[in-house]
Amino acid sequence: MRRLERMKKKHWKQHVTTVILSATLFLVLIFMSGKLGMVAYASDKISGEVGTLKWYLEEQKDVVDEKTALVISGKGEIPDYKNPEDRPWNGIADQIEKVEIKSVKGKDNITKIGARAFENLPNLSRVWIPSSVRIIEKYAFKNCPKLDFVTIMSSTGVDEEAFDPDVIQDVI
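Cut-offs used in this document
- Residues numbered from 1 in each chain as written.
- Predicted model: local features only at pLDDT ≥ 70, side-chain atom pairs only at ≥ 80, totals over all residues.
- Heavy atoms only, no water.
- Helix = DSSP H or I, 4+ residues; strand = E, 2+ residues; numbered from the N terminus.
- Buried < 20%, exposed > 50% of the residue type's maximum accessible area, 1.4 Å probe, protein only.
- Contact = heavy atoms within 4.5 Å.
- Areas by Shrake-Rupley, 256 points an atom, 1.4 Å probe, with all protein chains shown as cover.
- Phe/Tyr/Trp six-rings, centres within 6.5 Å; stacked < 30°, edge-to-face > 60°.
- Pairing = 2+ DSSP bridges.
- Core = buried A, V, L, I, M, F, W, Y, C linked by side-chain atoms within 4.5 Å.

1. Things to note about the overall build of the protein chain
Within the protein chain one finds one helix and 12 strands. Across the protein chain, helices and strands are ordered from the amino to the carboxyl terminus as α-β-β-β-β-β-β-β-β-β-β-β-β. For the protein chain, buried positions account for 35% of its 172 residues. The contacts in the protein chain between residues at least 6 apart in sequence include a share of 44% that link residues at least 24 apart. Surface summary for the protein chain: the accessible area is close to 11,000 Å², and the carbon and sulfur share equals 56%.

Printed below as a string of structure tokens:
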């Protein structure tokens, strides 16, 4: 009987220790992701907020391939960043293969892509920019070595240094 009680007590202590370690790890991850603005890691979906904008990472399939997309929606401007490290999605920069700015017809949408918002994304290859975006600032998409195609849905004001020179821009 005593042996059974000792085993239960030991098992209970191990369970409590596991719960405490898990909670500590969770809090450390939340604390470290504080640089990412508000970040949530629910249901394998990484997401966050920047001012009035919401962003999330999702897998997108099309006819040709599958890409991990950073999707941004909301009203207002994607801010300028002095350093790419200050961006809320910087912690997942290596995962981003596509950037999609969402637009909802009849609503206020994103109007500007700030300086360095998507600079130094090593795997970014595709970008889709809706007609609501009127300004793309300096260095917005600089140093993205795999970026080969950008679709811009209007005559947006693009700073001459927003993209690397060899990027194809399709203005629709």
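2. A short note on the environment of Leu 147
Residue placement: Leu 147 occurs in the loop between β9 (135-136) and β10 (149-152). The class for Leu 147 is buried, based on a relative accessible area of 5%. Filtering out sequence-adjacent residues up to four positions away, Leu 147 remains in contact with Leu 124, Ser 125, Arg 126, Val 127, Phe 141, Phe 163 and Val 167.

3. Quick word on the packing of aromatic side chains
Enumeration according to the criterion identifies five aromatic pairs in this entry. A ring pair is formed by Phe 118 and Phe 141, whose centres lie 5.0 Å apart and whose planes are at 15°; its orientation type is stacked. With Phe 118 in the loop between β7 (110-113) and β8 (126-129) and Phe 141 in the loop between β9 and β10, the pair connects residues that are 23 residues apart, well separated along the chain. Under the relative-accessibility criterion, Phe 141 is labelled buried at 1%. An aromatic cluster is present here, built from Trp 55, Tyr 81, Trp 89, Phe 118, Phe 141 and Phe 163 joined pairwise through their rings.

4. Regarding unusual backbone geometry
One non-glycine residue, Arg 116, lies in positive phi territory at about 65°. The topology assignment puts Arg 116 in the loop between β7 and β8. Here Arg 116 falls in the partly exposed class, since its relative accessible area comes to 24%. For Asn 120, which is not glycine, the phi torsion reads 60° and is therefore positive. Looking at the secondary structure, you find Asn 120 in the loop between β7 and β8. Accessibility expressed as a relative area gives 35% for Asn 120, which makes it partly exposed.

5. Quick notes on the pairing of strand β3 (residues 53-61)
Across four bridges, the pairing between strand β2 (residues 45-50) and β3 is antiparallel. If you follow Glu 49 over to β3, its bridge partner there is Lys 54. Counted between consecutive antiparallel strands, the loop separating β2 from β3 contains two residues, among which Gly 51 sits at a positive phi close to 60°. As defined by bridge partners, β3 adjoins strand β4 (residues 66-74) across nine bridges and the pair is classed as antiparallel. From the neighbouring strand, Lys 61 faces β4, where its bridge partner is Glu 66. Following β3, the chain reverses through four residues before pairing antiparallel with β4.

6. Points about the nonpolar core
Core analysis: the largest hydrophobic core is formed by 34 residues, its most contacted members being Ile 72, Ile 78, Trp 89, Ile 113, Phe 118, Ile 136 and Phe 141. Mapped onto this core, the elements with two or more residues apiece are β2, β3, β4, β6 (98-101), β7, β8 and β10. Examining the composition of this core, we find that three residues originate from one element, β3, more than from any other.

7. Here's the deal with the sheet that holds strand β5 (residues 76-78)
Across the sheet, four strands lie side by side as β5-β7-β9-β11; this open sheet has parallel pairing. Whereas interior strands pair on both sides, the edge strands pair on one side only; in this sheet they are β5 and β11 (157-158).

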